[in-house]
2 protein chains.
Amino acid sequence: MGGPVMTATALNLVPTSFDPDTSHFCSQDGVRFAGRHLLVDLWHATRLDDLAHVEETLTLAVAACGATLLRIDLHRFTENNGISGVAVLAESHMSIHTWPECGYAALDIFVCGNCDPYKALPVLKAAFRPGNIQIAEHKRGLLP
Amino acid sequence: MGGPVMTATALNLVPTSFDPDTSHFCSQDGVRFAGRHLLVDLWHATRLDDLAHVEETLTLAVAACGATLLRIDLHRFTENNGISGVAVLAESHMSIHTWPECGYAALDIFVCGNCDPYKALPVLKAAFRPGNIQIAEHKRGLLP
């Protein structure tokens, strides 16, 4: 009786004036959300120390998703020849971090609107020839 | 009887010569992995359209995690005043994408080695005053 009263306003995550269509929120299986975020782990992968190849692959993967590339930033780490690459997109981002010494690469692909992050997978498979792939999907910004 | 024989080599995800200590893999609760990756959703958040504030917050959050900033790339979207910001780190990356029109921001914090991604949370809470936070953690590059 004496506790705080949870109002409808407090429970709502977004203002009542918010229109998910105008903000290009995704719609799938009856739910609305801001975007799809894939975490992709590649194992037994090759060419993870090839900077030009990583840059070309990111560019192709972004295009395959139907996304718009704003900038790619790449760094090579001298200790293990690993590469970090981040592509900033009009629809969020795509990143790759590689450990060539163990054939491992960690990627994430976060895209909003009508982009399809799964379209990046054939590009990544062709480019890095992984023996094993693990994928997790998160729907980011899931509306109540 | 006629199917492929799965060998120990095929089951192993990394070469036998690989040393996770040399590659600065994390160790926690008896498992080894490349890094921690947090997906952080902020709701009812403020100052999501303030580019200088977002840049300062990313810089402070990176430092709080104990990570080394290599570069920050920021973009503003004219349609909704949203901001995309990506910080490339020596230990992977941190990103933020904001939808000011609904008080929502999607962040991810991926750090390797001895960095602690959770140390970014107090910085984010102080900077954006979210009414609600959702967090998912992935251990990336989990060794068998």
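Residues numbered from 1 in each chain as written. Chains lettered and ligands numbered in written order. Predicted model: local features only at pLDDT ≥ 70, side-chain atom pairs only at ≥ 80, totals over all residues. Heavy atoms only, no water.

Trainee: Explain the packing of aromatic side chains residue by residue, including any values.
Mentor: One pass over the full model with this rule turns up eight aromatic pairs over all chains. Considering the side-chain rings of Phe25 of chain A and Trp99 of chain B, the 6.2 Å spacing of their centres and the 75 degrees angle between planes classify their relative orientation as edge-to-face. With Phe25 of chain A in the loop between helix H1 (8-11) and strand E1 (26-28) and Trp99 of chain B in strand E6 (residues 92-99), the pair connects residues from two separate chains. Here Phe25 of chain A matches Trp99 of chain B in class, with each residue buried. (Phe/Tyr/Trp six-rings, centres within 6.5 Å; stacked < 30°, edge-to-face > 60°. Helix = DSSP H or I, 4+ residues; strand = E, 2+ residues; numbered from the N terminus. Buried < 20%, exposed > 50% of the residue type's maximum accessible area, 1.4 Å probe, protein only.)

Trainee: Please provide a residue-by-residue account of the interface of chain B and chain A, values included.
Mentor: The partner chain A presents 50 residues to the 50 residues of chain B that form the contact. Put simply, chain B and chain A have four salt bridges between them. A salt bridge links Arg140 of chain A to Asp41 of chain B; its shortest N-O distance comes to 2.6 Å. On inspection of chain B and its partner chain A, the count reaches 15 residue pairs in polar contact (both at pLDDT 80 or more). (Contact = heavy atoms within 4.5 Å. Salt bridge = Lys/Arg side-chain N within 4 Å of Asp/Glu carboxyl O. Polar contact = N/O pair within 3.5 Å; in protein donor to acceptor, adjacent residues only side chain to side chain.)

Trainee: Go over the pairing of strand E3 (residues 35-43) of chain B, please, and point to the residues and values.
Mentor: Residues and elements named next belong to chain B. Summarising burial for E3: nine of the nine residues are buried, a large majority. Burial along E3 is two-sided: the residues Gly35, His37, Leu39, Asp41 and Trp43 and Arg36, Leu38, Val40 and Leu42 are all buried. Note: E3 against strand E8 (residues 132-140), nine bridges, orientation antiparallel. Paired with Leu42 across the strands is Ile133, a residue of E8. (Pairing = 2+ DSSP bridges.)

Keep in mind these values describe shape, not function.
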